[in-house]
Structure formats: C-alpha cells, structure tokens
Amino acid sequence: MTRANLPPMDPAFVAAAIEALPSRLQKRLDNADPDSWTVETGTDSTTITVGSATVSLASPDSAECDCLLSPRCLHLAQVLVNCPPTVVESSEPSGPSEPSEPADAPLTLTRDQVTTLELAESCLTGILDRGLGGLTAGDRAAVLRVVAAARVHKLPLLAAQFAVLHGYLGTGRLGYGDSHITQAAVSALVEAALATHRLRHGHDTGTLSLDTVGTARRTYSPVGNLRLRGWASEPLLTASGYAGVITYMVDERNGQVWELSTVLPGGEQQIIQAYRADTGLGPLGLPHRDAVRTGVLLTNATASTDGRLGRGSQVRASTRTPDTTVFPAHDWWFGEAVFRGVEDDGMHPIFVFDTNKGPLRCQASPTAERLGIPALRVLASAAGVTVQLRMRKRHAWEQGRTPWILIGLAHEDTWVFPGLDRPHTHWLGVPQDAKPVVVTRSHIEPETVLQRWRDAVARQGRRAVTGTNRKRIMADAAWLRANASGHRADLLEQLALAAAAGSHDFDGRFRPDPRGIPRRWLAVAAVC
C-alpha cells in the first residue's frame, strides 16, 4: 500500500483528528503498518481495512471508523495521517491583500497572514527543537494547521512547502529515532524553513514580492509559434503523492529551455506510464520518450512565466527534424567527457568525469537515483569510457554537494535518461560483472562539515549540538576557521549558542529557549 492509493484529505480535518486523539494513542501514531492495509475504492468512498476495523473516507473532510472508539480512535488517525493533503485549484489570483500602490510596489501581509506566518514559525521551532526523529503527534498536526491556514489566507508557497513536509512526516515511517530519516525529508524541512524566513524578511523589511508569496494556480499566456528541440527527460516523484515526468525542450530561436510536464496522482508506476503516454500537445499523440528525441513545431503555443508549456485547445503541434546545432543558453552543461569513477560520501554517489577543462562532478536526482539503478550501475563501472552528458544546474533546494544534476547520457548516439530508460547491460561496452570504480576524495570540503551539522539538527533537534556534542561542533568550527572559512565557523558557533539559550527556574532547573534555533539553523543550511 502506498500513499497514492489513499484519497487526498483536507489538512485542517486531519489536524483536528490528530489533536482529538488521546495522548496515550498519539504516542502510537507511528506504529501503523500501511503495507498490511486493504484499500478498496468505490464510487462514493474509499474503505481501508486496518486489522479488524474498517475506515471509510467519504470526502476530503469526512471519515469514520466502525470501531467502538471512533472517532477518537487510532485506526482513523493512522489512516488520515497517511493521506496526502488535498490540492487547491483556484482561478483567482492568490497573493496577499491587494495593494493600493502601483503594481510594482511591495506587497503587504494582512493580519491573518501574519498570524499564519507566526504559526509556521512556531511549528518550525517545535520541529527543530525535537528533530524529525522525535516528532510528536502535535508536531504533525501543527504542520497540517499551517497548510490549512496558509491556503485559507492565500499564502500558497508556504502552504505548498509545508504540504511537501507533511508528505515525509505523515508516512508513519519516520519513527521515534533518526535512522530512517531520508535526505529528502531534511530537504523538505529546509524548504519549509526557507519559505517561512522569506515571508518574515519581506514583511519586516517592506520588500515582500509575489514570488515570495507564490501563486495558487499557474496561468498561461500566448507565446506565438515555437520551433523546439527535444533535449532531456527527468522522472518526478513527490512526497505528496504525485509522480510523472518532465521533458525539457530547447527553443531554436534563443536557446531558452521550456518545460513540458505530465504529473498525476500515483506512485513509481505512474512515472513510466507518463513517459510513454501522450504529452498532450494538440492531437499529435507524441509521447515524452519520443518528444525528447525529436523536434516539435508548436503553433499558437502558450506558456507560464516560469517556462511551463501549456496544452490549450488552440495549440497545434507537428514533429520535425531538430536543429542539432542549438543548445540551452543557460543553466545546462553538455558535451563529451571521459568517466573516471564514483565518489561516495555516504549520502549520494558522485559521478566524476574528465573534461578538457578539468574534472567535473555531478549526481543523479533523488528520483533517478532511486529508479535508474540499472543505467547508473553500468555507468559506475565504465571507467575510461567517453560519453555525452546533459546536466542541469542543481536547484538550491535539492540536496547534494555538486553543482550539476545528471539528466541524460549517451554513448555512440544512444541517449539514456536514468529512471526512465532501461538500457542493455552492455550499452557502454563494459562486462556485465564489472564492479563500480571508486574514486577516493582528496579532502573534506567546508560545505560538507556544515551539511553534517545541518542534517544532525534536522534529525535529532537541539540535542544534536548540546551536551557532549557541543565540543564536537566547536571543534569543527575551529577547523573551519583554520581552513579559511571563518564565516562558516561563525555560523556553527551561533547555532551552538542558540541551542544553549535558556534560563533557570527558582529550583535550578534549566529551561531551554529554542526560538533562536530555526534562524541559526537555516543560516547554516543556506550555505551547504
């Protein structure tokens, strides 16, 4: 059973169900075994068999269990916390209160939006105090409260980031301990904290913009006729229960890269289906796996401001021979390189290539790393083989220590996109039983030191940098200062000071004050 089998539920309704659960049952919220559940989807409702109980989900804000303790029962809460949050679609612009100033003037938050922002800050303080490995049912409910309030009061970016965070907190797999917390969960926490910080900074400094607030619905405008060259395809799998593929197309006029995505509710199986399915560009019937390897002429094309191609009824498409001399103008690396080997720092395999400008390091996206094992395993053993590469620049919110994300590679003009294509075992000309070539790292990078402490606090909370751990973080700060990274050393020391903040009661008992941790932790995360 996966989250994709469960219907989306209203986050406010789920939060209320968690909060209504008795405290003795809240501690058992993570003991669920979704793989043992039986899910049956009907025309009016979805029923989930949990042991001897049956939970019925009739609508996004209606659910019941047939056990005697319902609605304050563990069965109902465990099912609801595993459901993805509902997706909001609105035709209205979703920014803050409409300003009376000119359109380019800074926006302002309403009182309700400021209250929502404070709710998000309080939620993050609780999470970073206890860590992802020590979350309580109240922490999960707080995340959902932020999602619900941000949607109601039109803070869509904040709602979206906390919904993604809930996708990792609500799976019932984090447990009370940090051994199963993935890098993707840490990344989601970083993004939620960053969205909150940007709202606070924009509000306090009077520089709030629509980019910081976000929009609830993407709008598409006419962009004329486009002559496009298929460039690369990438698998997508989100924690909120969506999966699919995104194909990048290069505009032959100016090298701009347009994005064409097919993302629907579903799990891993949805990715290959989307890759082989129609892109929806007019009546052409062109699947993504073909669009990425050919040229397309779009008539009456539409696109959003962030470069997403639309599929309006007026759009017409036809295939054509692409101009192979056209390449992306920005944010992509492409060309030939000789594979040297793999560096492994215990988190992500780093692929090292030799180019005419020196060594080049890249990594696969988390989804491709998870699904593209066959292709990546062959690559890892192909030392000395010359390949062609297509890599996009790593986004700020993506985990990793390399500047590039490997999207596609080719050998003898056969392109493979890891996570989407399953090439023949010998496609790079290496023996089937060849072992990966490991490249030893020559030194520790300062970013790696900061990343270690960022992840430790995310997983363990305040205790990661207090007690006996305080000596370790201060030793790392001293090492950074001795290696010309004084500003990074300052960040670690300030994080340690924030974790140690607090006061003593009349009886000498220490009461920590974790309110300063989110800001100092985010400062560390921002330079990793």
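Residues numbered from 1 in each chain as written. Predicted model: local features only at pLDDT ≥ 70, side-chain atom pairs only at ≥ 80, totals over all residues. Heavy atoms only, no water.

Engineer: Could you clarify how one ought to interpret the packing of aromatic side chains in this entry?
Structural biologist: Aromatic ring pairs are reported here in terms of the distance separating the ring centres and the angle at which the planes meet. Tallied over the full model, the rule gives 8 aromatic pairs. Seen in terms of ring centroids, tryptophan 231 and tryptophan 332 are 6.3 Å apart; in terms of plane orientation they differ by 85 degrees. Their pairing is edge-to-face. Of the two residues, tryptophan 231 is situated in strand 5 (residues 221–237) and tryptophan 332 in strand 10 (residues 332–344); the sequence distance between them amounts to 101 residues. Taking 4.8 Å as the distance between ring centres and 10 degrees as the angle between the ring planes, the aromatic pair formed by phenylalanine 327 and phenylalanine 334 counts as stacked. By way of ring pairs, the aromatic residues Trp231, Tyr248, Phe327, Trp332 and Phe334 are connected into one cluster. Between the NZ or CZ atom of arginine 390 and the centre of the ring of tryptophan 231, over which it lies, the distance is 3.9 Å. Looking at arginine 390, its charged tip hangs above the ring of tryptophan 415, at a distance of 3.9 Å from the centre. (Phe/Tyr/Trp six-rings, centres within 6.5 Å; stacked < 30°, edge-to-face > 60°. Helix = DSSP H or I, 4+ residues; strand = E, 2+ residues; numbered from the N terminus. Lys NZ or Arg CZ within 6 Å of the ring centre and 35° of its normal.)

Engineer: Got a minute to help me understand the pairing of strand 6 (residues 242–251) in this structure?
Structural biologist: Regular strands place side chains that alternate from one sheet face to the opposite one. Of all the 10 residues making up strand 6, 9 are buried; the element is thus mostly covered by neighbouring parts of the structure. Judged from the 9 bridges that link them, strand 5 and strand 6 form a sheet pairing that is antiparallel. Looking across to strand 6, one finds that alanine 232 is bridged to tyrosine 248. Sheet topology note: the strand 6/strand 7 (residues 257–265) ladder contains 9 bridges and is antiparallel. When the sheet's bridge partners are listed, tyrosine 248 is paired in strand 7 with glutamate 259. (Buried < 20%, exposed > 50% of the residue type's maximum accessible area, 1.4 Å probe, protein only. Pairing = 2+ DSSP bridges.)

Engineer: Honestly, the pattern of salt bridges in this entry has me stumped. Any pointers?
Structural biologist: Side chains bearing opposite charge may pair, as long as their charged atoms lie close to each other. Taken as a whole and assessed by the stated rule, the structure comprises 22 salt bridges. Two residues, arginine 200 and aspartate 204, come together in a salt bridge whose shortest N-O distance is 3.4 Å. Placement of the pair is arginine 200 and aspartate 204 together in helix 7 (residues 183–205), with a separation of 4 residues, close to one helical turn. Judged by relative accessible area, aspartate 204 falls into the exposed class, the value being 53%. As a salt-bridge pair, arginine 392 and glutamate 234 come within 2.8 Å of each other at their nearest N and O atoms. Here glutamate 234 lies in strand 5 and arginine 392 lies in strand 13 (residues 386–393), a separation of 158 residues in the sequence. Taken individually, arginine 392 and glutamate 234 each receive the classification buried, so the pair is uniform in this respect. Salt bridges sharing partners connect three or more residues here, namely Glu121, Arg200 and Asp204. (Salt bridge = Lys/Arg side-chain N within 4 Å of Asp/Glu carboxyl O.)

Engineer: Can you walk me through the side chain of threonine 247 in this structure?
Structural biologist: The topology assignment puts threonine 247 in strand 6. By relative accessible area, threonine 247 is classed as buried at 0%. At 2.8 Å, the side chain of threonine 247 and the side chain of serine 233 are in polar contact. Not counting residues up to four positions away in its chain, the partners in contact with threonine 247 are Ala232, Ser233, Trp258, Glu259, Leu260, His288 and Val292. (Polar contact = N/O pair within 3.5 Å; in protein donor to acceptor, adjacent residues only side chain to side chain. Contact = heavy atoms within 4.5 Å.)

Engineer: What am I meant to see in the nonpolar core here?
Structural biologist: For soluble globular proteins, the rule of thumb is that nonpolar side chains tend to be buried together. Within the largest apolar cluster, 58 residues are counted, with the highest numbers of intra-cluster contacts made by Phe162 and Trp521. In terms of residue count, the dominant contributor to this core is helix 7 (10 residues). With residues near it in sequence (within four places) discarded, phenylalanine 162 still touches Ala120, Cys123, Leu124, Val143, Val146, Val147, Ala192 and Thr196. Counting 30 residues, the second largest nonpolar core, distinct from the first, contains Leu21, Leu29, Ile48 and Ala53. (Core = buried A, V, L, I, M, F, W, Y, C linked by side-chain atoms within 4.5 Å.)

Engineer: Would you mind going over the state of the cysteines with me for this structure?
Structural biologist: A covalent bond between the sulfur atoms of two cysteines is referred to as a disulfide. All chains considered together, the criterion is met by 0 disulfides. Here cysteine 65 stays free of any disulfide, with the sulfur of cysteine 67 as its closest cysteine sulfur at 3.6 Å. (Disulfide = S-S within 2.5 Å.)

Engineer: Sorry if this is basic, but what is going on with the sheet that holds strand 1 (residues 38–41) here?
Structural biologist: Strand pairing in a sheet relies on backbone hydrogen bonds, with the paired strands running either antiparallel or parallel. Read from one edge to the other, the open sheet built from 4 strands follows the order 1-2-3-4, with strand pairing classed as antiparallel. Edge strands, defined here as strands with exactly one partner in the open sheet, are strand 1 and strand 4 (62–65). Across this sheet, the average inter-strand angle for adjacent strands is 15 degrees, counted without regard to direction. Bridge count between strand 2 (residues 46–50) and strand 3 (residues 53–59): 5 bridges; the pairing is antiparallel. Bridged to valine 50 within strand 3 is alanine 53. Docked against the sheet, helix 3 (residues 74–82) engages strand 2, strand 3 and strand 4, running at close to 50 degrees with respect to strand 3. (Axes fitted to C-alpha atoms, helices over the stretch in contact; angles between N-to-C directions.)

Engineer: So what exactly am I meant to see when it comes to the environment of serine 59 here?
Structural biologist: Structurally, serine 59 is set in strand 3. Along the chain, serine 59 and proline 7 lie 52 residues apart, while their C-alpha atoms are 8.6 Å from each other.

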